[in-house]
Amino acid sequence: MLEIKGLKVKLEEEDKAILKGVDLKVNAGEVHAIMGPNGSGKSTLSYVLSGRDGYEVTDGTATLDGDDLLDLEPEERAALGLFLAFQYPVEIPGVGNMTFLRTAVNAQRKARDQDELSAADFLKLVRARAKDLKIDAEMLKRPVNVGFSGGEKKRNEILQMAMLEPRMCILDETDSGLDVDAMKLVSDGVNALRDEGRGFLVITHYQRLLDHIKPDVVHIMADGRIVKTGGPELALEVETNGYADILAEVA
Amino acid sequence: MSRAALARQKIEAAEARLDGLILPDGATWATEARRAAEARVRAAGLPQRRDEYWRFTNPAPLLSDEVVPSSTDLPEESPVFGEVDRLRIVFVDGIFDPAQSDALEMAGLEIETLAEATATDIHWAKSVFGVLEEAGQKPVDRSLAALNTASAEEGIVIRATAKAEKPVALVYLQSAPASEAMIHHVIRVEEGAELTLLETGPAAARFSKVMEVDVADRGTFHHVRAQGRAHERLAHTHAFARLGTESVYKSFTLTANGRLTRNEHVVELTGDDAVAHIAGACVGDGSDFLHDDTVFITHDAVNCESRQVFKKVLRNGATGVFQGKILVKEGAQKTDGYQISQSLLLDDDSQFLAKPELEIYADDVACSHGSTSGAIDDEALFYLRSRGVAHEDATDLLTLAFLAEALDEIEDERLADDLRDRLENWLKRRK
Ligand SMILES: Nc1ncnc2c1ncn2[C@@H]1O[C@H](COP(=O)(O)OP(=O)(O)OP(=O)(O)O)[C@@H](O)[C@H]1O
Ligand SMILES: [Mg+2]
């Protein structure tokens, strides 16, 4: 599904290499986790995949079901089914959360030659999904993420994911800032979407999230590269020993 | 240029302009007021490029003999406020059209044309017509308004004696491409009465409008206008308002397109506890677009509130101007004055020129003002696009969000919704 080969990325503004050759393949139906020290390039990878400005790809490819992602506008990638739950969701004063969700859902449907959802159908859907995530109606009315607590912002990301039903979901530290109950809600939200046709790339620092969202594969990223790949046990190893051993071993 | 040379130039401009106009004749109270206004124009002259008060906006196109035609060929759309139950008063090329208008009757209102009112010997309008305009000639000359008083024969005169059951809508239609319109409205809201006045449309290729509004104690006046979308039109409008005790005056203007628009608001809070809100939203596109909001609010009573909220979205070299002043006179304690003017510049070619001013002679007041210019928030834009919203649509969404704060100033939700929907469509159509 998602295939990244030899991806090298530098900052556009300065000559600083961030990703130094990333190889990664997520098959449909799989959940991959990426762990790694702060500043190793995890968020950069998620941004480059979703098309944020400010980075220059100097080498390598990234495809989603064979489509070259790196050539596309962010909205085209979204229409292909790519979704990023942001590490730091953006506040948009003046744009209501509902308007935002409806615009996004219908924009993607349109891009895929589907009919737009009627106002009533949309409302029904959003209410049901919001209820699952314990997001109240008042939060839906407010401007996007404005005044939301850290945990509310993360739940709002998952609500968007649940509404858009993307095929390839990247979650960047969605667990940070969540209390124990919210972690469960969010994980349930993610697990509800798990199926044969869908891939997940879950960036996290903590094993705790992976107790809820059981990964098939765990990668360790360090200094712009995937330095080790293994099963769920790799995350447990990080949890108990930190990165020192792993980094020493691959050095 | 020396001060004397500028003064001479202004007076010459006034002579030249007055020579080209046929001033209304007659022998009623109004004739006197018009002659006095004419004298004001001759004495002060007409604005010139060098005038400090016209620092950012060149007044020349408003004064020239020739009116540059403005295309009347606009994309079809439903009339603004068409869904709102209202009493329609139609002007075509600046001339009242009774055939297209509703009967000038509504409970709680006395409505006449300016021609009718000025033809009578005795009329209440005498205490307002030219009077508020003249009071508004200090501390700066606003001679274009005096010129309008001296020469305008068209307009509507309304006296509200109770709460009007529905809005009065002044609908301006343009039919002749090179039309010029001069309109002068006189309004008095009596004690405890309430009136909502709507204005829509490109009145003419060149439009001069003065509106004098006298709001008595506990009266309420709401004003919502959408200035026409014709691309080449020119407009300069003045609103002069005098507010009594506990009265309310709220005005909102939406401007799209037009080559040159200057909207001046001169408001005097003369009774305690009065409230004045002036707001505007503007979308400008192209290097020949200039929109100027000039506001002067005088606090001359205790515990009054004034609020100015102006937002402009500018692109492709468009220019936005804001000059706003809050003057708090001696003794006007507990004044609450607020002013914000902001622009969203969609490219580097567009510019926003702002001159916010506070002048305060009382010690127990709370006044604040701010002015900002900014670009679209890249983070927000990417966030929207990452959810599948196309670049242009995301820009529109953020543009509307920016303008929303100004539109929120409109109290009547029906009116606000109409303008919001329209703005959305206008933004879409420009692609
Ligand atoms: N726009 C930028 N300007 C300057 N440096 C940047 C920029 N974007 C990323 N970097 C740098 O690139 C490196 C990788 O950053 P990135 O955010 O991808 O790390 P991360 O693995 O997500 O870290 P964390 O676990 O703390 O979230 C860091 O050193 C960061 O400072
Ligand atoms: Mg990160």
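The structure this text deals with has already been given above.
In this report, we go over the structure that sits alongside the text. (Residues numbered from 1 in each chain as written. Chains lettered and ligands numbered in written order. Predicted model: local features only at pLDDT ≥ 70, side-chain atom pairs only at ≥ 80, totals over all residues. Heavy atoms only, no water.)

Along the backbone of chain B there are nine helices and 20 strands. For chain B, the spread of C-alpha atoms along the three principal axes comes to 70 × 55 × 50 Å. Sorting the 431 residues of chain B into buried and exposed places 60% on the buried side. The contacts of chain B with a sequence gap of at least 6 include a subset with a gap of at least 24, amounting to 84%. Of the roughly 16,500 Å² of accessible surface on chain B, 47% is carried by carbon and sulfur atoms. Computed over 47 positive and 74 negative side-chain charges, the inter-centroid distance for chain B is 3 Å. (Helix = DSSP H or I, 4+ residues; strand = E, 2+ residues; numbered from the N terminus. Buried < 20%, exposed > 50% of the residue type's maximum accessible area, 1.4 Å probe, protein only. Contact = heavy atoms within 4.5 Å. Areas by Shrake-Rupley, 256 points an atom, 1.4 Å probe, with all protein chains shown as cover. Lys, Arg positive; Asp, Glu negative; His and termini not counted. Charge placed at Lys NZ, Arg CZ, Asp CG, Glu CD.)

For a metal with four tetrahedral donors the ideal donor-metal-donor angle is 109.5 degrees, whereas six octahedral donors ideally subtend 90 or 180 degrees. Residues and elements named next belong to chain A. Coordination of the magnesium ion (ligand 2) by the protein involves Ser43 (OG) and Gln87 (OE1), with metal-donor separations of 2.0 to 2.2 Å. Placement of the pair is Ser43 in helix α1 (residues 42-50) and Gln87 in the loop between β6 (82-85) and β7 (92-96), with a sequence separation of 44 residues. The pair formed by Ser43 and Gln87 is uniform in burial state, with each residue classed as buried. (Donors = N, O, S within 2.8 Å, 3.2 Å for Na, K, Ca; no water.)

Attention shifts here to the side chain of B:Glu133. Residues and elements named next belong to chain B. Considering the arrangement of structural elements, one finds Glu133 in helix α5 (residues 131-135). At a separation of 2.8 Å, a polar atom in the side chain of Glu133 contacts the side chain of Arg40. Contact partners of Glu133, with chain neighbours within four places excluded, come to Ala37, Arg40, Ala145, Ala146, Thr149, Glu212 and Phe240. (Polar contact = N/O pair within 3.5 Å; in protein donor to acceptor, adjacent residues only side chain to side chain.)

Once that is clear, we can look at a negative patch on the surface. A cluster of acidic residues, A:Glu12, A:Glu13, A:Glu14, A:Asp53, B:Asp377 and B:Asp378, forms a negative patch on the protein surface. Topologically, A:Glu12 is positioned in the loop between β1 (2-11) and β2 (17-26). (Patch = residues over 30% accessible without salt bridge, like charges linked within 9 Å, V, L, I, M, F, W, Y side chains within 5 Å. Salt bridge = Lys/Arg side-chain N within 4 Å of Asp/Glu carboxyl O.)

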